[in-house]
Amino acid sequence: MPVIDYIKDFDFEIITWDVFEPSEELISRLKLPAEKIAKFESFPEKQGREYLGLYSCLHALNIHANVLYSEKGKPYLDTGKEISISHSYQKVSVAVGRGAIGLDIEKKRDDKILNIEQKFIREDERKWIPRNQDLADYLHIIWGIKEGLYKINGGNLWNFLHHYRVEPFELVPNKRITCWITDHETETKYRAFYKRLNDYYLVWVVAY
C-alpha cells in the first residue's frame, strides 16, 4: 500500500499517498460505487488520478464519507469533519480532523519558487529570510504556509502579499511556525509545521 507518510495528532490525521498503481487496481481495491466511477471517468487523466488518490487516502484512514465542495470550492465531508486536500506530481495528501486545517504538498522546484518570490513574499518577511543556500527552502515552506492559510480562509481570493503573514523561523522540521491571516480590522494567529518527504515539502496549518 503506497502510504508514504502518516501523521497523527490529537485533533487531526494527515496521510500522503503515492498514486502509482493502475487506475483499475485502485478502483477495484476501493470498491467504488458506480456514481464515483462515472465521476472518475468524467475527469481528465491527471485529475482522475488525483480523485482516486483522495479516496485512497480516506480509505486508508477508514473514513467512509463523501467529499463535497462549497460554492467557493472549499472541500468538506458529509460527516461534519474538517478536511484539507493537496496534490503535487503523483502525490496526494489529505488532512482530516475536528478543527480547521490547511494542507499543502509541493514538489521541490527551486528555479520556479525563486522566480515567483516577489509574488508572495512581503517586505517584512524579506528582511529576515536568509539570502544564502537555504533561500529556496524558506520560500517553499512560506509558500506552503500561505497555501494552508488560504485553504483555512475558505478559499477566499485574498492576496498572499497582503493578507497572509509568516513570522521568522528556522529550518527545523516539525517545529511550530507562527503565521497570521490579516485584514484591515483583525488579525488571527495560526500554527504551521512542515516536514520533508524526499523531494516534497509537506506543510500544515492549524488554529493556535
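Up top is the structure these notes are about.
What you see is a predicted model; the values in this text were computed from it and never measured.

Explanation requested: the sheet that holds strand β11 (residues 200-207) in the structure shown.
Adjacent strands of a sheet pair through backbone hydrogen bonds, lying either parallel or antiparallel. With antiparallel pairing, 5 strands are arranged side by side in an open sheet as β7-β11-β10-β9-β8. The open sheet has two free edges, formed respectively by β7 (101-107) and β8 (164-166), since each of these has just one partner strand. For this sheet, the mean inter-axis angle between neighbouring strands, taken without regard to orientation, is 25 degrees. As paired elements, β8 and strand β9 (residues 177-182) share 3 bridges and run antiparallel to each other. Bridge pairing in β9 places R165 opposite W180. Set on the sheet, helix α7 (residues 135-152) makes contact with β7, β8, β9, β10 (187-197) and β11; between it and β7 the angle comes to about 145 degrees.

Looking at this structure, how should I read the pattern of salt bridges?
For side chains bearing opposite charge, pairing can occur when the charged atoms are close. One pass over the full model with this rule turns up 15 salt bridges. R196 serves as the salt-bridge partner of D137, at 3.7 Å between the closest nitrogen and oxygen. Here the residue D137 occupies a position in helix α7, and R196 occupies one in strand β10, the gap between them amounting to 59 residues. Taking relative accessible area as the criterion, D137 reaches 15% and is therefore assigned buried. For R196, a relative accessible area of 37% gives the class partly exposed. Linked through salt bridges whose partners overlap, the residues forming this network are K108, D110, D137 and R196.

Mind showing me how you'd approach the pairing of strand β6 (residues 91-97) here?
Along a regular strand, successive side chains alternate from one face of the sheet to the other. Among the 7 residues of β6, 7 are classified as buried, and the element is accordingly described as predominantly covered. Taking every second residue as pointing to the same face, both faces of β6 are buried, with K91, S93, A95 and G97 on one and V92, V94 and V96 on the other. Relative to β6, strand β2 (residues 12-18) is paired through 7 bridges, and the arrangement is antiparallel. Of the residues in β6, the one forming a bridge with I15 is V94. Note: strand β5 (residues 82-88) against β6, 7 bridges, orientation antiparallel. Looking across to β6, one finds that E82 is bridged to G97. Hairpin connection, β5 to β6: the antiparallel pair is bridged by 2 residues, and Y89 has positive phi, about 45 degrees.

The rules behind these values
- Residues numbered from 1 in each chain as written.
- Predicted model: local features only at pLDDT ≥ 70, side-chain atom pairs only at ≥ 80, totals over all residues.
- Heavy atoms only, no water.
- Pairing = 2+ DSSP bridges.
- Helix = DSSP H or I, 4+ residues; strand = E, 2+ residues; numbered from the N terminus.
- Axes fitted to C-alpha atoms, helices over the stretch in contact; angles between N-to-C directions.
- Contact = heavy atoms within 4.5 Å.
- Salt bridge = Lys/Arg side-chain N within 4 Å of Asp/Glu carboxyl O.
- Buried < 20%, exposed > 50% of the residue type's maximum accessible area, 1.4 Å probe, protein only.

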